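Structural overview for review
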Amino acid sequence: MAETAKKGKKVGAPEGPRFGRVKANLKMGIVGLPNVGKSSLFNLLTEQAVSAENYPFCTIDPNESRCPVPDARYEWLCQLWNPVSKIPAYLVVTDIAGIIRGAHSGAGLGNAFLSHIQAVDGIFHVVRAFDNPEVVHVDDSVDPIRDMETIIYELCRKDAALVEAVKSKKEQEIKRDAKNKPGPIFFPLLERCLEMLENNIPLRSGTYTIEEVAKINEVIPLCITLKPMVYLVNLDTKSFKRKGNKWLVPINEWVQKHGGGTIIPFSVEWEQAYWATRNDPAAREAFLNEVPGLKSALPRIVKIGYNALNLQYFFTAGEDEVRCWTIPVGALAPEAAGAIHTDFERGFIKAEVCAFDDFKSLCNGQKSMANVKAAGKYRQEGKQYVMQDGDIVYFLFNVTTAKKK
């Protein structure tokens, strides 16, 4: 049921034009109703002790941390080089307090929470699909479809208010001076956005021209429903083990009708029990052997979140350091060089590049590019080279100091 990868495309990566910031320091926010497992998931992802008590507003200020992005390629390079410093890619995750019905008009701590969501670049939407009388549900019963309707309603109302404010401001400017009249797509585009939001349809699910995407990024970039969303369905241990739950099919159908997105079933209950065995290898092995093939969903959650933000990374590797450098998908070589240091971008000459797969298959376990070069797989690329995920790169640059006048 969860979205599967298409050939040549990462699962979770957004399709079509990109809304929001094009940066490397992007964040995913964990969102949902109170007591659906948000802070417990955050604890598991970040190994930090934040409050996860059974109380609706226990997480008032957003908690933020970095989660290492799991990658077998990075681990292989570290084993080969055995460097002094090892630095993986990181996904920045923010734990945001629960939203309740009426949040858009200030119910609960709604306005503060919604502003925290505006500050992130993508959303992990945690959905409760487990029964537990000891964990109070804010609406007194478990119904994931109702819960998702509540969240999308609140987010759409918040966005509608923002779009209406932008539209009204421009109308007032035109009344004061007709020369302030915007281009022909401005008002029709905002009207279409308002119609979608009034019907609880996220803006990211619309079909737009390149010009319309640019205009949206210019005038309403803070709209929450533009952000990519990954749905995390929190199951009980029994459902997670059998990989089935009565709510999974209805949830999938609902998601496809409301903008689509990747769906990842997981279980906080199971993950907590698994985490408890971390210092006992025998207990951990016995725990996993209870259901052959069952494994933690947390690594996949981190990787899907990273992909949803349209991020990728390249490697630098040597005896001193193996490191992943995060860049936006589509970044050119000079921009990638700038991720290391601004001087690298300013004085960029060229990039010496080889693909990870080529290096692994040709190096014969040697800490050298000699075999890769002999096979013609070591390339020199210029300023227009579009970086590929997993490139191993060495940048050449030259920055001259300006003469004093």
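See above for the structure.
Here the structure is a predicted model, which means the values were calculated and not measured.

**Side note on the overall build of the protein**
Across its full length, the protein carries 15 helices and 12 strands. Across the 405 residues of the protein, 48% fall into the buried class. Of the contacts made within the protein by residues no fewer than 6 positions apart, 72% connect residues no fewer than 24 positions apart.

**Observations regarding the environment of Glu 345**
You can see Glu 345 is positioned in helix 13 (residues 342-346). Along the backbone, Glu 345 and Pro 334 are 11 residues apart, and their C-alpha atoms lie at a distance of 4.8 Å. If we skip the residues at most four places from it in the chain, Glu 345 touches Pro 334, Glu 335, Ala 337 and Gly 338.

**Things to note about helix 8 (residues 248-257)**
Residues of helix 8 that are buried include every one of Leu 248, Ile 251, Trp 254 and Val 255, and no others. Buried residues in helix 8, looked at end-on, bunch into an arc of 125°, giving them a common side. Opposite the buried face of helix 8, at more than 90 degrees from it, the exposed residues are Val 249 and Lys 257. Check the buried side of helix 8 and you find it contacts strand 5 (122-128), helix 4 (144-176), strand 6 (229-234) and strand 7 (262-266).

**What about the pairing of strand 10 (residues 348-355)?**
In the sheet, strand 10 pairs with strand 12 (residues 391-397) via 7 bridges, with the strands oriented antiparallel. From the neighbouring strand, Cys 354 faces strand 12, where its bridge partner is Ile 392. Note: strand 10 against strand 11 (residues 379-381), 3 bridges, orientation antiparallel. Looking across to strand 11, one finds that Glu 352 is bridged to Gln 380.

**Quick look at the packing of helix 5 (residues 186-198) against helix 6 (residues 210-219)**
Relative orientation of the contacting elements helix 5 and helix 6 amounts to 80°, with a least axis distance of 11 Å. Taken together, helix 5 and helix 6 sit at an angle that is classed as roughly perpendicular. Here helix 5 contributes Phe 186, Leu 189, Leu 190, Arg 192 and Cys 193 to the contact with helix 6, which in turn contributes Glu 212, Lys 215, Ile 216 and Val 219. Here the residues of the contact of helix 5 with helix 6 are counted per class, giving 6 nonpolar, no polar and 3 charged.

**Focus on the packing of helix 4 against helix 8**
Contact geometry of helix 4 with helix 8 gives a least axis separation of 10 Å together with a crossing angle of 25°. Considering their axes alone, helix 4 and helix 8 lie roughly parallel with respect to each other. Viewed along their axes, helix 4 and helix 8 form a crossing whose handedness is right-handed. In this structure, helix 4 uses Pro 144, Ile 145, Met 148, Glu 149 and Ile 152 to contact helix 8, whose residues at the interface are Pro 250, Ile 251, Trp 254 and Val 255.

**Remarks on the pattern of salt bridges**
Enumeration according to the criterion identifies 12 salt bridges in this entry. Residue Asp 147 is joined to Arg 146 by a salt bridge in which the shortest nitrogen-to-oxygen separation is 3.2 Å. Accessibility expressed as a relative area gives 4% for Asp 147, which makes it buried. In this structure, Lys 167 engages Glu 171 in a salt bridge whose closest nitrogen and oxygen atoms are separated by 3.1 Å. Here the residue Lys 167 and the residue Glu 171 both occupy positions in helix 4, the gap between them amounting to 4 residues, near one helical turn.

**Brief notes about the packing of aromatic side chains**
Enumeration over the complete set of coordinates arrives at 16 aromatic pairs. When the ring of Phe 186 is compared with that of Phe 187, the centres are 5.0 Å apart and the planes differ by 85°; the resulting orientation is edge-to-face. Between the aromatic rings of Phe 315 and Phe 356, the centroid separation amounts to 6.2 Å while the plane-to-plane angle is 50°, which identifies the pairing as tilted. Within this pair, whereas Phe 315 is found in strand 8 (residues 311-317), its partner Phe 356 is found in helix 14 (residues 356-362), the two being separated by 41 residues in sequence. You can call Phe 315 buried: its relative accessible area is 0%. Ring pairing ties together the aromatic residues Trp 76, Tyr 306, Tyr 313, Phe 315, Phe 356 and Phe 359, which thus form one cluster.

**Considerations on the environment of Glu 352**
Summarising the element assignment, Glu 352 is placed in strand 10. Residue classification places Glu 352 among the buried residues on the basis of a relative accessible area of 15%. It is 6.2 Å that separates the C-alpha atoms of Glu 352 and Phe 395, two residues lying 43 residues apart in sequence. In this structure, Glu 352 is in contact with Tyr 378, Arg 379, Gln 380, Ile 392, Val 393, Tyr 394 and Leu 396, ignoring residues within four places of it in sequence. In terms of polar contacts, Glu 352 uses its side chain to reach the side chain of Tyr 378, at 2.9 Å.

Rules behind the numbers
- Residues numbered from 1 in each chain as written.
- Predicted model: local features only at pLDDT ≥ 70, side-chain atom pairs only at ≥ 80, totals over all residues.
- Heavy atoms only, no water.
- Helix = DSSP H or I, 4+ residues; strand = E, 2+ residues; numbered from the N terminus.
- Buried < 20%, exposed > 50% of the residue type's maximum accessible area, 1.4 Å probe, protein only.
- Contact = heavy atoms within 4.5 Å.
- Arc of directions from axis to C-beta.
- Pairing = 2+ DSSP bridges.
- Axes fitted to C-alpha atoms, helices over the stretch in contact; angles between N-to-C directions.
- Parallel < 35°, antiparallel > 145°, perpendicular 65-115°, else oblique.
- Nonpolar A, V, L, I, M, F, W, Y, C, P; charged D, E, K, R; others polar.
- Left-handed = near helix turned anticlockwise from the far one by under 90°.
- Salt bridge = Lys/Arg side-chain N within 4 Å of Asp/Glu carboxyl O.
- Phe/Tyr/Trp six-rings, centres within 6.5 Å; stacked < 30°, edge-to-face > 60°.
- Polar contact = N/O pair within 3.5 Å; in protein donor to acceptor, adjacent residues only side chain to side chain.

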